[in-house]
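Residues per chain are reported as follows:
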Amino acid sequence: MIVISILFLCLLLLCPETALAGSKYGAALWVTQLLPTLLPFFIAIRLFDSCLPRVTQSRIFLLTGILCGYPAGATLVSNQYDKGLLSRKQAYFYLGFVNNPSPMFVLVFCGTTVLGVDSRQAAILFFLLILASLAGSLLFLLLASIPHLPGHTYFSFRKQTQPAVCPEDAAADADTLSGRLDKIILDSFILLVKIGGYVIIFSIFGQFISHFPGSSPSAGILCSGLLEITSGVSYLQTAAISLHAKKALMLAILSFGGLSAAAQTGSVLARSELSILPYLMVKAGNSILAWLLIIFF
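What this report covers is the structure whose coordinates are included nearby. (Residues numbered from 1 in each chain as written. Predicted model: local features only at pLDDT ≥ 70, side-chain atom pairs only at ≥ 80, totals over all residues. Heavy atoms only, no water.)

1. A few points about the overall build of the chain
Here is step 1: Each helix and strand counted, the chain has 16 helices and zero strands in total.
Here is step 2: Intrachain contacts of the chain at a sequence separation of at least 6 include 79% that bridge at least 24 residues.
Here is step 3: Put simply, the chain shows about 14,400 Å² of open surface, and 73% of that area lies on carbon and sulfur atoms. (Helix = DSSP H or I, 4+ residues; strand = E, 2+ residues; numbered from the N terminus. Contact = heavy atoms within 4.5 Å. Areas by Shrake-Rupley, 256 points an atom, 1.4 Å probe, with all protein chains shown as cover.)

2. Structural notes on a nonpolar patch on the surface
Here is step 1: Side chains of I288, W291, L292, I295 and F296 sit close together on the surface and give an oily, nonpolar patch of about 540 Å² of accessible area.
Here is step 2: Within the fold, W291 resides in helix α16 (residues 276-296). (Patch = residues over 30% accessible without salt bridge, like charges linked within 9 Å, V, L, I, M, F, W, Y side chains within 5 Å. Salt bridge = Lys/Arg side-chain N within 4 Å of Asp/Glu carboxyl O.)

3. Section: the pattern of salt bridges
Here is step 1: Summed over all chains, the structure comprises two salt bridges.
Here is step 2: A salt bridge links E273 to R88; the shortest N-O distance between them is 3.4 Å. Here R88 lies in helix α6 (residues 88-98) and E273 lies in the loop between α15 (258-269) and α16, a separation of 185 residues in the sequence.
Here is step 3: The class for E273 is partly exposed, based on a relative accessible area of 43%. (Buried < 20%, exposed > 50% of the residue type's maximum accessible area, 1.4 Å probe, protein only.)

4. A short note on the nonpolar core
Here is step 1: F42, V77, L95, F105, V233, M250 and L254 are the most contacted members of the largest nonpolar core, which has 69 residues in total.
Here is step 2: Contacts of F42, omitting those with residues within four sequence positions, involve C68, Y70, P71, A72, S188, L191, L192 and I195.
Here is step 3: Formed by seven residues, the second largest nonpolar core is a distinct cluster that contains L11, F202, I204 and F208. (Core = buried A, V, L, I, M, F, W, Y, C linked by side-chain atoms within 4.5 Å.)

5. Brief notes about empty space enclosed by the protein
Rolled over the atoms, a probe with the dimensions of a water molecule shows which regions are left empty.
Here is step 1: Enumeration over the complete set of coordinates arrives at one cavity of 30 Å³ or more.
Here is step 2: Of the volumes computed, that of the largest cavity is approximately 150 Å³.
Here is step 3: Lining the largest cavity are 17 residues, with L34, L38, Y70, I229 and T230 sitting closest to its centre.
Here is step 4: Going through the elements one at a time, α2 (16-51), α11 (177-210), α13 (229-234) and α15 are the ones with two or more residues in the lining of the largest cavity.
Here is step 5: Classifying every residue of the lining of the largest cavity gives nine nonpolar, seven polar and one charged. (1 Å grid on protein atoms, 1.4 Å probe; cavity = no way out; pocket = protein on both sides within 12 Å on 5 of 7 lines; lining within 4 Å. Points joined across faces, edges and corners; volume = space filled by probe spheres on them. Nonpolar A, V, L, I, M, F, W, Y, C, P; charged D, E, K, R; others polar.)

Here it is as structure tokens:
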């Protein structure tokens, strides 16, 4: 951590113009793309959790994470794991499956704005993203079930806790609706501010990578996408490569999620006993499967 801090400070001091450009770029992406697309979903999910606590304990409810984007899916999975509703292996399965970019981000920003494709092709792109995430998570579940595989005991561990008891409706109504709504909006906005900070930091690193001499367009985009998906994907808009190559790179980047989304997910998982390393393994597998799917399609 000390080495990364020193490196980041040196980059800011030695190349202030590039750092400022990356910071402005990340801030603009957060304001124009992430804030309007993610904030309404975060508020809606927290309203469900506040008003319908029994619904949020259902595993079907985890699928709503697909609608919200990073790291909302991780928040839902972590909450159910902390309540003892999921085993550790099941938690990693759902993390790889539901913790993905939001459909609005994929359909509107990635499909229409960046690739310039129609709504049908953008919907196919999102379908392939979800299909690759499900396939990669199922593959992880299968491998983690092999008795002699290293780490089998770790993945199979189930928390010895009882599911949390839902509060009575009378207790849930103790606070006023406006007071609960204020807290929900504040908590959602705080989460979005944290996401914005990660986006800006990793956009700065991405800006330095994009100016690295001797790198090919595809390699530069892939490296930027591995850091932060919004920046990496946006560079595809003006990249001098074919549309099919853009789709393949985009799907691989979206399936992995980037280190920025991983850092956001790690901050959510830090409150539980879940580790970020198995999550990264699942997402890396998802990325490879997504790239293979777009190649075959």
